[in-house]
Amino acid sequence: MAHLARTSIRLTRSVLVALTLALVLLAAPLVSTPVSAQQASTQDVETILAGFTRGQFPATLAAVDALAASGHPHAAPILQALSDRRLVFETASRRVLWQEGGQTFDALTGEPVAAPGPTTDVRVSNAVRRAVQTAMASLTLRAPNPATRIEAAVSILRARDLSQRAALAEARAEETDPNVQRAFDDTLAGLALVDPDAPEAERLAAVERLTARADAGARALLLSVPADATDAVKAAAAEGIAAIDRRLEIQGHVQNLFFGLSLGSVLLLAAIGLAITFGVMGVINMAHGEMVMIGAYATFVVQELMRAFAPGLLDLSLLVALPLAFATAGLVGIALERLVIRHLYGRPLETLLATWGVSLILQQAVRTLFGPTNREVMNPSFMSGSLELFGIALTWSRVWIIVFALAVFLALLVAMKATSFGLRMRAVVQNRRMAASMGIRTPWVDALTFGLGSGIAGVAGVALSQIDNVSPNLGQSYIIDSFLVVVFGGVGSLWGALVAALSLGVANKLVEPLAGAVLAKIVILVAVILFIQKRPRGLFALKGRAVES
Amino acid sequence: MTSRKPILFRLMAPHIAPAILALVAAAALVPIANLAFPPDHALHVPTGTVVLVGKWLTYALLAVALDLVWGYCGILSLGHGAFFALGGYAMGMHLMREIGPRGVYGHPVLPDFMVFLDWEALPVAWWGFDVFAYAAFMALFVPGALAFVFGWLAFRSRVTGVYLSIITQAGTYALMLAFFRNELGFGGNNGLTDFKDVLGFSLQADTTRAALFALSALALAGGLLLAQAIVTSKFGLVLVAIRDAEARTRFLGWRVERFKLFVFVVSAMMAGLAGALYVPQVGIINPSEFSPANSIEAVIWVAVGGRGTLSGAALGAILVNWLESFLTGAYPEAWLFVLGFLFVVVTLFLPKGILGALRSLRGRRRAADPGKAPEKSPAGATQAAE
């Protein structure tokens, strides 16, 4: 019956309030269960509604509070109507009505009223509006949607609204959803802490609870321990703040690590195809970024086709795009190898120039076909939203990119080490003439290897279309980073590319809070340049005679 | 051609002499054609053309600088645009200081963008740039110093071939990002512009423009002569040896990294001079000059004209830019296609560039001609392996 006790604070305002309250007090034991408020009888509601017809603010105020506490199914629309001056009563019958969307409803039954008689407006003051606001908050504590209930608790805590404490405690007793229970407990703890009337034990418990919650909001609450609190409470709060600070710091580091890993995965995706074409084959493929771009545009085309022909399956368009992007970019890569690159083996600097030319052609071709503006590739539903883990919000798109990058890496590793094509590929790279003598068609292997690297770049394009603008310039923004990753990791080493990409990503995100995004990037670039002076062959340099020749 | 021959003879080699003569003639005649003849006269050269060709001449000087390191020493720098831009910024800073109180905000010392950013005082980096001689010195010194530090680190640790190309590219990319920042104090995104005059001469005046054209032509001629002097000296022969077989040259006792460092620094200063002449002619310098694409485009000028021919590099720069200005006017969509195909076709079918191909056609074979070396020697393979 705590809500009734709270109501009694306002009891003194007028006799009418007392009357109403008495009626409710009378009504409550009749129901006799803890959920009494949900089941106030029609009789009570009628009495409460009568409060609106007195034409006096104190009566209206009392009615607002009583109605909110009554659990009347139409309490929310009635209160909202009151606040918006849409609440009226029939002058003759004193029947309370509310108007909504050109219709009139009976406040008692919620039924539409066809032809109401002459009506009088219920007068509203700012005090009434405030009361309605508070009442609405406590109403939402019982809203059917758990998210709304949590939201209500959070907003009560934010407003430090002590008047809601009792209502909240009661709602907590009836709450069954564990998430909502937790939110209510947090709010109750926060209120206990700032409530000057709360006993020390309760405050200590509140401090403990907030310390366990350990986020910025809890920290702010602990900081606002009132001056009248006992020393024990103050000491506990200070300790709690220190603990939260430690925890927040660790969380910040973990979050940075996650951002770094996610950036590293993007770098890995962009660079991994290059680890094949440049790292394994020694071709300086400046058109690598354009293979990524082709993959991204393939994703766009697949999405548009599915939007046109199979709108129900739109969420799967990324899965459909994966093989198609691989095939498209791979075929372009094979064509590039057959037409241009095979004439230039052994002349790495010339390949650099020729492939740069090819990249210009591909960019302009895409610009001519699709226009120079960004194309929108939507995120499927499973990639939107975020994952809450130990108080850290990880967006799904980033989580998926990390998973995807590692999956692509593993797939490539398997293709290189466990398939017969991979075996031939490695044989050709290690000793071309010997491989040819063994009957391996080396030109064919060259073309397919280049196709594989390009295809993987295309697959990377599918992923990058989710986080970057799909435009003709997409590839250019990745080409320098990709080369740095491969060179930093050690040319020819897939594991090197993995380690390099992830460590560059993490390093970038660790420097970022200190120096800002652009400066962090500059610092990393310069650091890699200096590192290459120290170890010209990168982290995982290949050793042996094959390298020297 | 060996160092035994007298210097004048070496400098007036068949492919250099006509270029020098043409440049000196242009420096003398074009300003006359522009200034002395009335606009409707048959011999009149419009000011627009003077400015455009003047710009190309500075590009040609950049190409010669690049050819000096790439064509003769095998250092494919993908960051030469950075030296060009640094020289340009040095000149741009002087021109900004020359504006003085005539800026939009009328501040006696601070350039407009600093007033706009609410800066109180001139940053240290800007001190002294009101003196032309200091600015001109810095236009050479800053690129040279950067090249020295970069080259000292890179050549000493034997970063060669592809690796060097990639880190030079990363370097110019880093500089571009840095110059885009307002905090660096060089005008950020917008760069430096709205110049009024240089040494008291209005930059809008035809006479100033003609003079800048003549200066660019003479600078290019000077650059060609200097480069030719270097490559035909004994020093130059060591450079070619390094290009063709770096390890072998080292084993023969040459301090390879010192040779590379010297020529790299000279080349960077040449590029800086080109940038300093470029800025007053185009009237703006901004961070996009540092973009890696610009540096790669400079490489294609050299490749088109003929790697390791010096005058060919200058010719390539002028031809490609002429083609660009023609195509972007007539068929804007086509330009990148053409440039792209140019890269592919030249590397596949004209590995020695236009000048090299012409020379092959004439059947002139000179033992010391470096233009022929790349294919016969294992240069590419050596570079890849180093």
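Parameters at a glance
- Residues numbered from 1 in each chain as written.
- Chains lettered and ligands numbered in written order.
- Predicted model: local features only at pLDDT ≥ 70, side-chain atom pairs only at ≥ 80, totals over all residues.
- UniProt positions renumbered as here; feature names shortened; annotations may be inferred.
- Helix = DSSP H or I, 4+ residues; strand = E, 2+ residues; numbered from the N terminus.
- Rg over C-alpha atoms; globule rule 2.2 N^0.38 Å.
- Buried ≥ 20, exposed ≤ 12 C-beta atoms within 10 Å, placed from the backbone.
- Contact = placed C-beta atoms within 7 Å.
- Pairing = 2+ DSSP bridges.
- Axes fitted to C-alpha atoms, helices over the stretch in contact; angles between N-to-C directions.
- Parallel < 35°, antiparallel > 145°, perpendicular 65-115°, else oblique.
- Left-handed = near helix turned anticlockwise from the far one by under 90°.
- Nonpolar A, V, L, I, M, F, W, Y, C, P; charged D, E, K, R; others polar.

For chain B, the name recorded in an unreviewed UniProt entry is Urea ABC transporter permease subunit UrtC, with Salinarimonas ramus as its organism.

Chain A carries the name Branched-chain amino acid ABC transporter permease in an unreviewed UniProt entry, which gives Salinarimonas ramus as its organism. Regarding chain A, the relevant UniProt record gives this comment under Sequence similarities (unreviewed entry): "Belongs to the binding-protein-dependent transport system permease family. LivHM subfamily." Taken from UniProt, the Subcellular location (unreviewed entry) comment for chain A reads in full: "Cell membrane".

A separate point is the overall build of chain B. Secondary structure summary: chain B contains 17 helices and four strands in total. In terms of overall dimensions, chain B is globule-like: its C-alpha atoms have a radius of gyration of 21 Å, near the 21 Å expected for 386 residues. Each principal axis of the C-alpha distribution contributes one length, and for chain B these read about 60 × 55 × 45 Å. Taken across its 386 residues, chain B has 49% of its residues classed as buried. Counting contacts in chain B only where the partners sit at least 6 residues apart, residues at least 24 apart contribute 79% of the total.

What follows deals with the pairing of strand β2 (residues 96-100) of chain A. Residue and element names in this part refer to chain A. Of the pairings in the sheet, the one linking strand β1 (residues 87-90) to β2 comprises three bridges and is antiparallel in character. Across the sheet, the residue bridging to L87 is W98, located in β2. Across four bridges, the pairing between β2 and strand β3 (residues 103-106) is antiparallel. Along β3, the bridge assignment pairs Q99 with T104.

Residues and elements named next belong to chain B. Two elements in contact, helix α4 (residues 80-99) and helix α11 (residues 256-282), have axes separated by 6 Å at closest approach and are oriented at 45°. When the axes of α4 and α11 are compared, the pair comes out oblique. At the point where α4 passes α11, the crossing takes the right-handed sense. When α4 is examined against α11, the residues H80, F83, F84, A85, L86, G87, G88, A90, M91, G92 and L95 are found in contact with a partner set consisting of A268, A271, G272, L273, A274, G275, A276, Y278, V279 and P280. A class-by-class count of the residues in the contact of α4 with α11 yields 15 nonpolar, six polar and no charged.

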